[in-house]
Structures are given as C-alpha cells and as structure tokens.
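# Examination of the molecular architecture
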Amino acid sequence: MTGMAHHFLKMNGLGNDFVVLDLRRDPLVLTDAIARAIASRETGIGCDQLITIEHPRHGGDAFMGIRNRDGGAVEACGNAARCIGKLLLEETGKDAVTIETPAGNTVATRADEGAITVDMGAPKLNWDEIPLSEEFRDTRAIELEIGPLGAPIMHSPGVVNVGNPHAIFFVDDVDAIDLERSGPMLEHHPLFPERANISVAQVLSPTHIKLRTWERGVGLTKACGTAACAATVVAIRRRRTERKITVTLPGGDLTVEWLPDTDKGYGHILMTGDATLDHEGTLDPRLLSGVAA
C-alpha cells in the first residue's frame, strides 16, 4: 500500500501536535520505523504523536490508534481525542461521537466557543492497575523521591492511570524544576514497569493548577491531556482542589472535571479544550519506507 498517495492532517491540542492519518481512506501497514520517520521534526512532518483513524472495531464511530514520537504504540491521548472528536463530529453531524482507543471508549461532544469535551472515563487508582512494580496501598502519595538524601527536590508523587500511567509531583514552583533532567530518570524508574508520564504540579488556588509534563516516549510537551486529568484526580484525592478546575499547561488552559463516584465505581473525568487544524498535505513516499525524507 506504500505506492499510493497518503493524505495527512497536522493538528494540535494546546501545542501538543499530531500527524493524523485516516486509514479508512488510505490503508497503510504502519511500522515503528514509519511512525518515527513521519514524527521526526528534522526530516519528517514532525509531531509529538502519530494518530490513525481506523474503522471501528466495537460499534463506535471510529478507532483511534496512537504512536509516540519514538514509534511505540500507547493506550490514550486526551489532546488527540479532542482533535479526532472534532473531525468525527464534523464528519457525522452528530451531537456526540464514540472514539474507540486501546484504553477503551472515549465520547466527544461540542463545548462552547468551538472547544471539544471528551469523557476520559474513570481513573484506575489501585497499584496493580497503574501499574507499579510493588504494592502501595495508598496511591495518593507513594515513596519515591529525587534529589539529595534528606532534602529531595521532589518526593511522594500521587500515581494514577487514566488510560496510561502517570506520576504527579506537587511542588512550590513548576518552573524551578529541571524536568528535562529528572523526567527521563523517573520515566524509566523500576517502580514503573510500563514506564510513566512524569508531571510537576503547582496549586495556584482551589480551582486552578499549573502543570508541566515529561511524556513517556515523547519528552517535554507543551500539553498532555491525560496528565491534566491525572493531576486533577490526584489534587482532588489530596483535597487540594475542587472537582472542576482549570489546568494551565505551557500550551494553554484545559478545564477538567472529575465527576462524583457512582454505585458502579469512580466517576468519569471530563476534559474540555481547543482542537486545531494547522495544515494538511501528502506524505513524501520516502517516509513510508521508514527513512528520512
């Protein structure tokens, strides 16, 4: 299928940018090497994640595949879900669309001023669901620190899975943390058998937090939607914020609400923010061989 022209969209959610391929329209056997070639900012199109729109597998409107810049497949991406939600809402004319992902279904709806709301589902809070390599009964704050013994720079993160694993460190000033240095070490810490997204969060008020994220397989990112959801959950569990807050990321603001628990389990997380189409084009055929263009 690599001899045919493949159309792409370049989209972003608060600067977290994606190359979107509609495999319903242009079938392609996507390998790790092809994903890396397309995602390369030096020789490819350049993106944080490569997103595929595929035929639904379980009765939804479409399936969304996600590959990080390093080519590895991942389970969830909140900012990408808003972008794909926007495309599917426009395509179908529906009021709500169901996006199937490896982490489960996500429902996207229209919000005010062109924003998109996605239902990210319920968080997983047990140690073996996140997962961690050893048992912690209370995942609101686990025993993990970085920095000098007795005077750590960061310590006691809250951990949660919102489709992918996250560790959230609360600090006094997120901009004072060298996340480019500590992020890779923590991402690959033995406590995280599937690696983890690492964030630093600063509570500005009961309705507002500031967040920076080192995303596994990507690096520092302007925005990580699942991290915003994870930080909200941890902040609420620690009684630091209300249930609906603004999360300020380097790329802009998201509104995140963790709905109350029900008799069926933890409440779902709703995330609202922008989804932007930057440009579109046709992939250079050399990229489909997994080599530089």
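In short, a report on the structure. (Residues numbered from 1 in each chain as written. Predicted model: local features only at pLDDT ≥ 70, side-chain atom pairs only at ≥ 80, totals over all residues. Heavy atoms only, no water.)

## Examining the overall build of the chain
- Looking only at helices and strands, the chain has four helices and 18 strands in total.
- Relative to a compact globule of 293 residues, whose C-alpha radius of gyration would be 19 Å, the chain shows 19 Å and is just as compact.
- Along the longest, intermediate and shortest principal axes, the C-alpha atoms of the chain span 60 × 40 × 30 Å.
- Looking at the chain residue by residue over its 293 residues, the buried ones come to 53%. (Helix = DSSP H or I, 4+ residues; strand = E, 2+ residues; numbered from the N terminus. Rg over C-alpha atoms; globule rule 2.2 N^0.38 Å. Buried < 20%, exposed > 50% of the residue type's maximum accessible area, 1.4 Å probe, protein only.)

## Things to note about empty space enclosed by the protein
- One pass over the structure, following the stated rule, counts one cavity of 30 Å³ or more.
- Quantified by volume, the largest cavity comes out at close to 40 Å³.
- Together, Gln49, Ile66, Asn68, Val74, Ala76, Cys77, Asn164, Asn197, Glu215 and Arg216 line the largest cavity.
- When its residues are assigned to classes, the lining of the largest cavity shows four nonpolar, four polar and two charged. (1 Å grid on protein atoms, 1.4 Å probe; cavity = no way out; pocket = protein on both sides within 12 Å on 5 of 7 lines; lining within 4 Å. Points joined across faces, edges and corners; volume = space filled by probe spheres on them. Nonpolar A, V, L, I, M, F, W, Y, C, P; charged D, E, K, R; others polar.)

## Points about the packing of aromatic side chains
- Counted under the stated rule, the structure contains zero aromatic pairs.
- A cation sits over an aromatic face here: Arg57 above Phe63, 3.6 Å from the ring centre. (Phe/Tyr/Trp six-rings, centres within 6.5 Å; stacked < 30°, edge-to-face > 60°. Lys NZ or Arg CZ within 6 Å of the ring centre and 35° of its normal.)

## A closer look at the nonpolar core
- Within the largest apolar cluster, 53 residues are counted, with the highest numbers of intra-cluster contacts made by Val20 and Ile84.
- Among the elements that make up this core, the one with the highest residue count is helix 4 (residues 225-237) (nine residues).
- Those residues within four positions of Ile84 in sequence are excluded, and the remaining contacts are Val20, Ile51, Ile53, Met64 and Ile99.
- Listed in part, the 21 residues of the second largest apolar core include Ile142, Ile146, Val171 and Phe192. (Core = buried A, V, L, I, M, F, W, Y, C linked by side-chain atoms within 4.5 Å. Contact = heavy atoms within 4.5 Å.)

## As for the pairing of strand 12 (residues 197-205)
- Here five bridges tie strand 11 (residues 165-170) to strand 12, and the two strands are oriented parallel to one another. Counted as the bridge partner of Ala167 is Ile198 from strand 12.
- In this region the chain leaves strand 11, passes through helix 3 (residues 179-187) and returns to the parallel neighbour strand 12; the handedness of that crossover is right-handed.
- Here strand 12 runs beside strand 13 (residues 208-215); their pairing, made up of seven bridges, is antiparallel. Paired with Gln202 across the two strands is Lys210, which belongs to strand 13.
- As consecutive antiparallel partners, strand 12 and strand 13 are separated by two residues. (Pairing = 2+ DSSP bridges. Right-handed = clockwise from strand over helix to strand, strands pointing away.)

## As for the side chain of Arg216
- If you trace the backbone, Arg216 turns up in the loop between strand 13 and strand 14 (219-221).
- Within the structure, Arg216 has its side chain in polar contact with the side chain of Glu75 (distance 2.6 Å).
- Residues in contact with Arg216, not counting those within four places in the same chain, are Asn68, Val74, Glu75, Asn164, Pro165, Glu187, Glu194, Arg195, Ala196 and Asn197. (Polar contact = N/O pair within 3.5 Å; in protein donor to acceptor, adjacent residues only side chain to side chain.)

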